[in-house]
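A look at the structure
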Amino acid sequence: MDATAEAGHNLLIFPAIGLNAPDPDAARFNIVLDFTPHSRIDGLLIASGMIGNYITHGELNAFYEKFQPLPMVSIGIRMKKIPSITVDNLSGITQAVTHLVTVHGRKRIAFLSGPQSNEEALVRLEAYRSNLRKHGLPVDEELIYFGDFRFQSGYDGVYSLLKKRKIQFDAVIAANDEMALGGSTLLSDMGYTVPDDVAVIGFDDAEVAQLNLPPITSVRQPVYELGGKALKLLLNIINGKENQRDIILPTQLVVRESCGCPSRSLETIKHNVVRECQGNKAVKKEELIERMLTAAAVTDKKGLRKVINRLEELITGRTRTSSLHTDVYNLFQDFLLKKTNSEKDINKWHILVSLLRDYFLLCSNSNPDDIPLIDTEFHKIRSQVILVIHQIHNSRRNQLATDFNELTNIITKLNSSVVLTGTLKAIQSDLRRIDINSCCIYLYEKDDTDSRPAKPAIPEKAELVMAFADENLYALYPNGGTHFIRDIFPNPIPTDRKHAYVIKPLFFMEDHFGFMIFELGQTTGIIYETLWLEISAALKTILLFRDQKAAEEKLKKALNDLEAANRKLHDLSQQDELTGLYNRRGFMILSESRLKLGKRLKQAGILFYGDLDNLKEINDTFGHQEGDWAIAQAGYALKRLIRPNDLLARIGGDEFLILCMDPKKDWVDNFNKNIAAELDSVNAASGKQFSLSITFGSVLFRHDTNLSVDKIINQADIRLYEQKKSKKGGRDK
Amino acid sequence: MTPLNERPTIGFMTNNVSEDGFAAQMWPGIMEKAKDLDVNVIAFPGDPLNAPDMYGRQMNRIYNYVNDSNIDAVIIASGMLSYHIGVSALNRFVESLKPLPVVSISEKLEGTPSILVNNTVGMKNAVSHLIEIHGIRRIAFIKGVEGVRDADERFAAYREVLQDYGIAYNEDYVFQGNFIAPSGIEAVNKFVRERDVRPGAIVAANDDMAYGAMEQLRRLKIEVPKQMALTGFDNNRETEFLIPPLTTVRQPVYEQAVMAVDMAVRLLRGEEVPEKVLLPTELMVRSSCGCIPRPVTLVGEPVKPSIEGCDNIPETIAHNLSAVSAPCPVDKSELQTLTRHLMESSPDNPSENFLESLRKLLVRSKDSEKELMNWQRLIILLRNNLLNIHRAERGIIPGFLEDSLQMADIMVGDAIEREQLLLILDQRQKSIKILEMIEQLSRTLNMDVIFNSIKNKIIPATAIRYLFLSLYDLDAINEAEVNGLTSARLHLRIACRENEDLLQGKSSITYPSRYIIPKEYLPRSERFTMILLPLFFMEDQFGIFLFEYGDFSWNLYNTLWHRICTSLKSSLLFSSLTRAESKLLKTKEELEKSNNKLETISQRDELTGLLNRRGFLTIGSQNLDIAANLKKSGHMLFIDMDGLKAINDSHGHDEGDNALVQTARILETTFRETDIIARLGGDEFVVLTIDTNEPFIEVASNRLKKNIKIYNQSSAKPYALSLSFGFIFFNDPHARTIESLLKEADQKLYEQKKIKKTGTSGE
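These figures come from a predicted structure and were not determined experimentally.

What follows deals with the packing of helix α20 (residues 584-601) of chain A against helix α19 (residues 613-630) of chain B. Where α20 of chain A contacts α19 of chain B, the two axes come as close as 11 Å, and the packing angle between them is 30°. As the angle between them shows, α20 of chain A and α19 of chain B are arranged roughly parallel. The two elements α20 of chain A and α19 of chain B meet at a crossing, and its hand is right-handed. Two secondary-structure elements touch here, α20 of chain A through L590, S593, L597 and L601 of chain A and α19 of chain B through I619, N623, I626 and L630 of chain B.

This is the structure we're talking about:
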């Protein structure tokens, strides 16, 4: 990133995990790789070591093939057709073996290798074998253990050498620091002393290795330079200045204590360039200072010369009474604060302080009376160094805590709204506080088809829901518009804005619903990863909420439709659900046609209007279910009494209508008696605590009647009323 | 002292269990004292009472659990709680907590033991330090919010000190701020740019305003403390890490908390406690006032002999360490050995032993940053003592001893650095763990799977020993009101106690929501420190989350807790979505059924209003029955529109429909009222007449032709209607069915059409 910024080019980062990685989400992680063959890209840097972790060299070749003819550079793995940048694994291991053999006299050196499938691991292993031979040492395959680059495998590996193979060795080289740490931990657990019993050397120069007791000697890979050099190579290829070329970067053995060497910073107290030159008049003061600064690996030599000159003035020019320490303190404080951001390594400072101390003690023409004063001043300076480094580390720790605070605020805001606009607006300004100065979020349009593709795919277009850069908000839902994804950047963000963007897919479980592009800042990666997960989840929640609202809306509409349909059904229905007889509507339609036909055929007719006598009581006393039973039974009884062509209907409640055309006289005369008999037999069989009875009013009409069906029904109703009254009256008597 | 039968549980109502803000040390104070006194703690981290925003109201639902079913006494951060309602309303709230014993931190409450802070002394110390130690007399002051006790007291203290030292008060040196960082920026602009007063020091009434001032001074390239000194008040966490570290006044929040726990326990024991305690503040001298840090100034200072005598180095060192309020990191005999090893070394016999024993002691001290910082002082004091011994020889310590001491410096420095880097690494690893957990929780929308991830992944990864999660009745959640309890019952869904799943396969246990969790599930023999948090998302309150406060920082727990809330919300949303979708599916099925049924029971053709096939079959067959009973004859006509397709094609379907409607009208006027007319579908119509004799068809046919003609003549349409029909006559209705009649009539129509066609082609 730094190199891109310097070169004034833009950088797009497509973070992926190994192709074919066993992670269930791998396909969705790696969907970002599908973005790559697009118009905005002039060249590609590919971290082959990571991408190719789970695939063969051939498959990796095929992967590169996809991006032809884009200029490309492979980082970490040498490719046949693609220029590459790799580190010199061979020389790293060579230095380690040579150091152990020549400096520490070790002869039985074990090797903790990486997996046999890993190319770099095999290079390191082969380097180990060839170097042993070079030093005339036998290669004992029993001394080689294949781990998986993890701590545990280093631990297990050394255990296996010691306990299972029961093999003797006096040193271990591990193919990375994690395994070296694991091995070293096992050795101390088993009561061995590192480095006295067994020397340990790792590879990578990871921070954790430095923190071990004893600190692990390791091979430093120039990871930072690797990126910069790779970019430079790519740019040269793009500009046609260079083409096929493989660059190999040197590695360097960083000697610490696990190989048996003394601590360099402690060692410098007694043995250093200044003490070596003591009494050697041939070495001029200027030259001594130069040698001293070189030994201390000082980068800002000019700045430090100034400090030395000023310190000399202060020490030689002091008066007994003046407060020397405040000036020295201020002098160093300024210098330390200016430099500690790039020089966090306290050892470097200690070495420098030791050299300066000896310089002033031995080489300055100072008064012997000054000796305790000089020692005291340098004690103070050391205290100062310790405090400043302490403060710097504390700030780092504080920074992570502060960043997490900011992140928590953002997460709280993310989760305080289920409305897209609100959520996006809320986080927009806060993202800048974790150093994201530009960010775009795209969402795919939801397709209503429920079939999800087995492999997630990127649609052609997506909706831009947010885009901002620095102080400017360029787009916000719902006014972001739809864009072709191959453009990657929405039009509103000025393309001349220099950038280093990361492209991350947004997904939740198998649902890949969009992607975000954000500018990498100074905050640590964990924060960005967490943020990305939270944004994914929050957007998923919003989409779920939206889906749920839509589903509810749809459901509401469907329910409305259903209700309308049911109403219509009811309206159109001619049958009574309970009894299966015609309902009022059915009766009206059919009776009309029947009357007309009767008129034509000169048929007289009769209409009965009936009413159950005690339905209300049955309902009230025995419940509606019993009431329904009563109605149905009455209906069935009536049905048994009429001819097939007579019309029988229940027109609501407990009311029945019967229309008979051309009725027989004695049937009419006996109607009431017959229905009573029918019901009696129902009553007798039912075992219910109530009995059914029904009252009818009837109207006889001639074929040439002018009355409409309605009118006839009205008249029958009046008759019924009279009947009921007389029945009641009769009962009252 | 009356011993307590059972280990009591103290509640702590606060808004801050995090590492930030001036009250950051309160929670550690509560935790540590509770450990000392062997009592349990449950923290209720909410918002001020009567919070105006939804988030605050949702947070404050946990206060419902502050009752004697869950805790035995409660400590309240009263300044925070009363923020919106004032102290008198807080008094009423405290009344409502009775019979729980209550201890108040920071506000004086009636009848409640209260622990308060002395602002005045702290501010006086800060201002006099600037005057006495640094000789600064032009001191500017940034005031806090006017009318607030803290602000007024601190300002008054500033004025008082000026008066004490005979310095005239000058309004130009005072800026009215409001306790937030931008006030500091404005103040600096006012002093330096507008008023051009260039004070020698700026005193801010709190740390936030001091940050603002420091930032603005840096922008204006005014160096602190060289060109201008600066002090704050509160001792926020960040003050130590500013460059330069801020000199400020520490509020004794830690001590307040410790004392509050102590008082709460004494109340439980029935002992007397004071109504009011006033605690002193402490000036934290760092670098922004112009002081050089103590470990630097300590180097080479003359030794202050201990009482017993000055020749015993370990005694003197221990004594001197206590003078700089640093406990000795080793015991006396170890210190003696260390000293002996140093003294025994000579140019011939190098100080290997000294360095080796120092190395061992440092390894032992690792994991304690404070202790390692004291080692730095110890080495300095060791040298100061040597200086003292060798003072007779012109104060020169032999070179090899100085070398050893320098090495000791380096070793201590290394140990401190390593410890710090390990802490950073630890912090990162914990962050990664939380990230992994978030990832884990983001992989499902199923509530049971969420609970299982918490149980099987998160609890082992965080080493949280106690974790409980309960939900309200889920059906009630949607209708939940924001105030008051959601439901009377809680359902315990996760109950983990020291690697044991207390639910043992049961999906939940239901209990009254007065309890946080049923008592029998609480840790039994072990003492606990737990935090209660509400589970909610916007207006939906789902339940509560009780967990042990362990090794992680609040930020990380906080992130995890938010994730659990969101995951639960998502899973609820998802299940309600699923429910809605399946209901939708069912509704659609029903709708389809209804529509089918609708179709099956419908008797009429929507377009023409005539009977449809079904209606025709129903009524037609009834009429046919009647005809059979009465032995009547009749006709069945099958009628077909000519050229409907052509009309549709050339004039559109609307015209086609219109033609159908017109045909229906023509048929209605042509036939009698008692005849049954229906549209069977498409361009097919049928008519059933009962009680018609054979000649009827002649009449009807003529009437039909005439009516069509009339229509066509009067119609302005670009097409003419034309009908074909076939018919059959029947006088044996009892032997017929409506279906057979239809079929026969259709056959006749077909023949008719054929004739028509050949006839036409023959012409």
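Tallying the contact residues gives 90 residues for chain B and 81 residues for chain A. Contributing elements (two or more residues each) for the side of chain B that touches chain A: α10 (294-297), α14 (369-389), α15 (399-441), α18 (554-601) and α19 of chain B. If you tally residues by element for the side of chain B that touches chain A, the top one is α18 of chain B, at 25 residues. Looking at the side of chain B that touches chain A residue by residue, the classes come out as 41 nonpolar, 26 polar and 23 charged.

Residue and element names in this part refer to chain B. As summarised here, the arrangement of the 4 strands in space is β7-β6-β8-β9, forming an open sheet in which the pairing is parallel. Each edge of the open sheet is held by one strand with a lone partner, namely β7 (174-176) and β9 (229-231). Taking the axes of each pair of neighbouring strands and ignoring which way they run, one obtains an average angle of 15° across the sheet. Pairing geometry for strand β6 (residues 139-143) and strand β8 (residues 201-204), over 4 bridges, is parallel. Bridging across to β8, I139 finds its partner in A201. Across the face of the sheet, helix α7 (residues 181-194) comes into contact with β6, β7 and β8 while running at roughly 145° to β6.

All names here are of chain B. Where helix α21 (residues 653-670) contacts helix α22 (residues 696-714), the two axes come as close as 9 Å, and the packing angle between them is 135°. One finds that α21 runs oblique with respect to α22. With respect to the hand of their crossing, α21 and α22 are arranged in right-handed fashion. Across from Q662, I666, T669 and T670 in α21, the residues of α22 making contact are A700, R703, L704, N707, I708 and Y711. By residue class, the composition of the contact of α21 with α22 is 5 nonpolar, 4 polar and 1 charged.

This part takes up the domain arrangement of chain B. The domain architecture assigned to chain B consists of domain 1 (119-253), domain 2 (295-425), domain 3 (442-578) and domain 4 (613-762). Of note, the centres of domain 1 of chain B and domain 2 of chain B, computed from C-alpha atoms alone, are 37 Å apart.

Here is what the cut-offs are and how they apply
- Residues numbered from 1 in each chain as written.
- Chains lettered and ligands numbered in written order.
- Predicted model: local features only at pLDDT ≥ 70, side-chain atom pairs only at ≥ 80, totals over all residues.
- Axes fitted to C-alpha atoms, helices over the stretch in contact; angles between N-to-C directions.
- Helix = DSSP H or I, 4+ residues; strand = E, 2+ residues; numbered from the N terminus.
- Parallel < 35°, antiparallel > 145°, perpendicular 65-115°, else oblique.
- Left-handed = near helix turned anticlockwise from the far one by under 90°.
- Contact = placed C-beta atoms within 7 Å.
- Nonpolar A, V, L, I, M, F, W, Y, C, P; charged D, E, K, R; others polar.
- Pairing = 2+ DSSP bridges.
- Domains from an automatic or database assignment.

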